[in-house]
Structure formats: structure tokens, C-alpha cells
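As a plain string of letters, each chain reads:
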Amino acid sequence: MAPRNVALSLERANQMEAADKERFLTDYRKQTLKSQSQIEMRNSKYNMSKIQESWLKIMRSAKTKQLKKQVEIISQNHERDVDRKDAILQMLDRDLDEAEEQHQVAVRSHLLNVDRLLEIQQSRLLALDDDFRRDVASLEEEFKIEREQIQEKHALEKRELSLIVEQVERDEKNREQADITDHQSQFEMIRNRNIEEDHQMKSNLEEKIEETRAKCKEKLQSYQNATESNTTEYKQFLLRDALLSKQVERKLRQVERMQSSIAHWKLKISQNRQECEERNSQLRTEKDHIAKHFQELKAKMLLFRTEEKKRLADLTQNSRNCIKSLKDQLALAERIMKTAELCRKFETEREKVLPFYLSRDLLGEFEDGEMDFGDEDLKEEIRKEVMDVGIDEWTYLDNFFKRFNKVKLDHLAIEQEGKRLQKENLQLRSILKQFLDGVSVNEDVMSQPNPLLVVNGKVNLNHVPVKRIGDTKVYVEAAHHVTNAAIR
């Protein structure tokens, strides 16, 4: 038995040496292949960088040529445009000189109105600018507050997630330590059990072998005594039995090794399955929680974006409306200025020299008692209107309303004069008709009284005496002007 055990140990040592050599060779081959792959990757990167550098040089040269051609074409076009525009500028310069000479007088007369309109516009623009800045400041404050709230929520959730991750890591470490201790204890227990079973089986086998050997020797002696013819066959069977016993022992060891490995891997698979299921369930719950949190954040971001988009749209709409209103006011001012230039042609010499009449000192006349209205309530109301100076902005267009009131009064005076002349014309026509009826003879005339018949120095002409109005001047009453200005 001792030589057989030595042979088995030598065979096992040879197998282990061969396995170690194969493992060393495989590791060496892996290292060589990794080094070769790294060298190949390094070479490929270096070659790729060289290729890209050469391509960049080629593309830069082509692009510079193309840009030079484009610059030449653009410079030629620019020179032609400059020459053409120089000629146009010269023509426009001559036209401007002529226009400046023609409109110099008109510009001098309207500088005051333009300055006042500019002041009005500047004040309105400043007010709009202040409103816009206040709105922007309020929006910035709201945005900062919302941003701080979102950052605080993000920090809180981040701390919660970090605590959860730390707790999970601690649980995993504790579970791993417990699994390692359980594995080591089970491994020691299984190994001890296998060693005990191996020793017991060896003792049983040795006892059986001894018993069978003794029986065989007895049978052999009896058999040799009985016959010696089958000795050769017996020797052959002995050799065969030795070989078969060795094979049986080898197979038994293989079976034991495979059973132990199968049990080990089954245990490992069950442990891994349980761990993976628990980990998957935890990860699934964490994923659902993160997805829910992401959806909430996404909904908040969408709501915030819609609100900001709505605010931006309102701001753009308000700015567009403001620009439109300013353009309308500018167009109205330009139209007023054009109309004033047209009206300038129809002004008299006195209006050109003194375009605005002088208002009377109504408050002084009220205080002196020179004006008598008859009614004290009316007088008190007119006093309030005269003493109410109002806001400075309301007095910007006083000169314009003076001009307008003057023109309106002239227009009303012309209408009154036209009505008077029309009435006088109708009266003259009636007198002419009565005169013609008086000199003619027919039934209608004879049935009516004769307008030419004089009785006691009186004529029967039916007419109203015409009142002749001489060359009267148009005046603007201060009370009328003050009431109209206050209403406007």
C-alpha cells in the first residue's frame, strides 16, 4: 500500500506542476497580448493625430485661398459701391445745401416746439425706463428667491440620498462579513466531515481487504493444494484486480471532489440569488423613488419655464405696444410739424413775428374787481379754474392750443360773417322781388298790396334793416381760453 500511495502523490504533484506551468504560460501570453494591444493603440493614436494635423494644414491652406479670393471680390464690390455712394453723397450734399437754405427760416421758428416735444418724449421715455427697471428688478428678486428654494430642496434631497447610500453600504458590508464568516464555518465543517468520512472509509476498506486477503490466502492454499492448473489465471486476475482497484479509488476521489464542488456551487448560487434579489428589489424601489422625484422636478421646471415664457411674451408684447405707440406719436408729431410748415405759408407778417398772443392777467383783474359776472357762484368757479395752475406736463401744449384757438376763432368768425352775408343776400333778393312785383301787372300782384305804394311817407317793403359791420378784429377772451385749456 505504501508504494501505491507514493505513486499517487507523485502523479498528483506532476499534475499540479503541469497546471501551474499552463497557468503561468496563459498569464504571460495575456500580458504580452495586452502590451502589444497598448502599443498598437498608441501607434494608431499617434498616426491619427499626424493625419489630422496634415489634413488641418491642407484645409487651412485651401480656406485661406478661398478667403483671399472672396476678399478680393468683396473689395472690388466695395470700391464700386464707395464710388457710387460718393457720387450720390455729392448730389445729396448739393440738395441738402439747397434745402437748408430754403428751410432755415422754418427751422428757426420751430426749434422751440421741437425742443418741447423732445422734452415730453424724454420724460415719457424716462418714466417707461423706470417702470421697466422696476419690473426687471422684481423679476430678478422672484427668480433669486425661487432659485434659492430649489437649491435648498436639492441640497436636502442630496443629503437624504447620501445618508441612504451610506446606510446601504454599511448594510452591504455587514452582510458581506456575515456571509464570509458563514462560508468559512461551513467550509471548515464540511472539510472535517469529509476527512472523518475518508478515514472511516479507509479503515473499513483496509479491514475488508485484510479479511478478503486472509480468505484469499486460505482459498489459495486450498486451491493450490487442490489444483495448480489455474495459478497463471489467478495471477493475471490479481494484476487486473490491482489495476481495477486503483481505477476505482481514482474514480471515487473524482466523484467526491465533484460532489463537494457541486454542493459548494449550489450553495454559492443560492446565496448569490438571494443577494441579487434583495439588491434588485432595493435598486428597483430606489429607481422608482428617483423616477418619481425626477418627474416632480420636471413638472416644476416645465411650470417655471411656462411662467417665464409667459412673462417674456407679456414683456415683449408690452415693449412692442410701447414701440408702436411711440412710433404713432412720432408720426403724429411729424405730421403736426409738416402741417405747421404748410400753415407757415399762410401766416401773416404779424403772426410770423409774434405767433402767440399775450394772455391777460385774469387773476389780477379778478382781484381788482374789474370783471363783473353778475353771479357769485360763476365768479367763484372761474376764479378756481384760473388759480388752478395744474401739473407742468399739462401746460406743454399751451402755445399749440393758443394757435388752435386762434384758428378756431377765425374759422367761427368767418362762418358768422358768411351766415350774415347769406342772410343779407336773401333780404336783398326779397326786396328785388318785391320791386319787380311792384312794377309788373298780373293777377297775383294785383291781389296783394303794392310794395311801391307810398302811404303817409311809408313804403310797404317787407324787409329787415341790414346791420353793416365794419372791419372788426378777432379777440380771444381769457376766460374762454382758460376754460378750454382746463378742459383739454
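In this convention, every chain numbers its residues from 1, walking through the sequence in written order. With pLDDT at 70 or above as the cut-off, local features in this predicted model cover only qualifying residues; side-chain atom pairs require 80 or more to be listed or tallied, and sums for whole chains, interfaces and linings still use all residues. Each side-chain value is worked out from all heavy atoms of the structure, with water and hydrogens disregarded.

**A few points about the overall build of the protein**
Then, number 1: Within the protein one finds eight helices and two strands.
Then, number 2: Numbering of helices and strands runs from the N terminus; a helix is a DSSP stretch of H or I covering at least four residues, while a strand is a stretch of E covering at least two. Starting at the N terminus and ending at the C terminus, the protein contains elements arranged as α-α-α-α-α-α-α-β-β-α.
Then, number 3: Relative accessibility under 20% of the residue-type maximum defines a buried residue, over 50% an exposed one, and the middle range a partly exposed one, all with a 1.4 Å probe and only protein chains included. Evaluated residue by residue, the protein yields a buried proportion of 8% over its 488 residues.
Then, number 4: Contact criterion: two residues are considered in contact whenever any of their non-hydrogen atoms come within 4.5 Å of each other. Of the contacts formed within the protein by residues at least 6 apart in sequence, a portion of 73% connects residues at least 24 apart.
Then, number 5: Areas reported here follow the Shrake-Rupley algorithm with a probe of radius 1.4 Å; residue values treat only the protein chains shown as occluding. If you sum the accessible surface of the protein, you get close to 42,400 Å²; carbon and sulfur atoms cover 58% of it.

**What about a nonpolar patch on the surface?**
Then, number 1: On the surface, a nonpolar cluster with roughly 560 Å² of combined accessible area is contributed by Leu117, Leu332, Ile336, Met337, Leu397, Phe400 and Phe404.
Then, number 2: Sorting the residues of the nonpolar patch by element identifies helix H2 (231-344) and helix H6 (398-439) as the ones contributing at least two each.
Then, number 3: At three residues, H2 tops the list of elements feeding residues into the nonpolar patch.
Then, number 4: Summarising the element assignment, methionine 337 is placed in helix H2.
Then, number 5: Looking at methionine 337, the relative accessible area reads 33%, which means it is partly exposed. In this scheme, patches are assembled from residues that exceed 30% relative accessible area and form no salt bridge. Like charges are connected within 9 Å, while nonpolar side chains (Val, Leu, Ile, Met, Phe, Trp, Tyr) are connected within 5 Å. Put simply, a salt bridge is a Lys or Arg side-chain nitrogen that is within 4 Å of an Asp or Glu carboxyl oxygen.

**Side note on the pattern of salt bridges**
Then, number 1: Inspection of every chain in the model, using the stated rule, returns 14 salt bridges.
Then, number 2: Measuring nitrogen to oxygen at the nearest pair gives 2.7 Å for the salt bridge that ties arginine 84 to aspartate 81. One end of the pair is arginine 84 and the other is aspartate 81, both in helix H1 (residues 2-226) and three residues apart, which spans about a single turn.
Then, number 3: Accessibility expressed as a relative area gives 46% for arginine 84, which makes it partly exposed.
Then, number 4: Salt-bridge contacts for arginine 133 lead to aspartate 129; the nearest nitrogen and oxygen are separated by 3.4 Å. In this pair, arginine 133 and aspartate 129 are both assigned in helix H1, four residues apart and thus about one turn of the helix distant.
Then, number 5: Each of Glu172, Arg175, Glu278 and Arg279 takes part in one network of salt bridges that share partners.

**What to know about a positive patch on the surface**
Then, number 1: A residue counts as positive if it is Lys or Arg and as negative if it is Asp or Glu; His and the chain ends are not included. By convention, the point assigned to a charge is CZ for Arg, NZ for Lys, CD for Glu and CG for Asp. On the surface, Arg12, Lys202, Lys246, Arg250, Lys251, Arg253 and Arg257 cluster together into a patch of positive charge.
Then, number 2: The set of elements that each furnish at least two residues to the positive patch consists of H1 and H2.
Then, number 3: For the positive patch, the element with the highest residue contribution is H2, accounting for five residues.
Then, number 4: Using a relative accessible area of 37% as the deciding quantity, one classes arginine 250 as partly exposed.

**Here we look at the layout of surface pockets**
Then, number 1: Definitions used throughout: a 1 Å grid over protein atoms alone; a cavity as a set of points that fits a 1.4 Å probe which cannot get out; a pocket as an open set with protein on both sides within 12 Å along at least five of seven lines; a lining residue as one with an atom within 4 Å of a point. Grid points are joined across faces, edges and corners, and a volume is the space filled by probe spheres set on the points. Reported here for the second largest pocket is a volume of approximately 1,900 Å³.
Then, number 2: As for the second largest pocket, its lining consists of 46 residues, of which Asp198, Met201, Lys202, Glu249 and Arg253 are closest to the centre.
Then, number 3: Put simply, the parts of the chain that give the lining of the second largest pocket at least two residues each are H1 and H2.
Then, number 4: Element by element, the count of residues in the lining of the second largest pocket is highest for H1, at 26 residues.
Then, number 5: Looking at the lining of the second largest pocket residue by residue, the class counts come to 19 nonpolar, 12 polar and 15 charged. Under the scheme applied here, ten amino acids are nonpolar (Ala, Val, Leu, Ile, Met, Phe, Trp, Tyr, Cys and Pro), four are charged (Asp, Glu, Lys and Arg), and all others, including Gly, are polar.

**Quick word on a negative patch on the surface**
Then, number 1: On the surface, a cluster of negative charge is made up of Asp93, Asp95, Asp97, Glu98, Glu100 and Glu101.
Then, number 2: Of note, aspartate 97 is situated in helix H1.
Then, number 3: For aspartate 97, a relative accessible area of 38% translates into the label partly exposed.

**A short note on the environment of isoleucine 290**
Then, number 1: On the secondary structure map, isoleucine 290 appears in helix H2.
Then, number 2: Taking C-alpha positions, isoleucine 290 is 9.6 Å from leucine 161, a pair spaced 129 residues apart along the chain.

**A few points about the confidence of the model for the protein**
Then, number 1: Looking at any residue, its pLDDT shows the predictor's confidence there, from 0 to 100. When pLDDT is averaged along the protein, the result is 78; 78% of the residues meet or exceed 70.
Then, number 2: Mean pLDDT across the elements of the protein ranges from a minimum in strand E1 (residues 454-455), with 50, to a maximum in H2, with 87.

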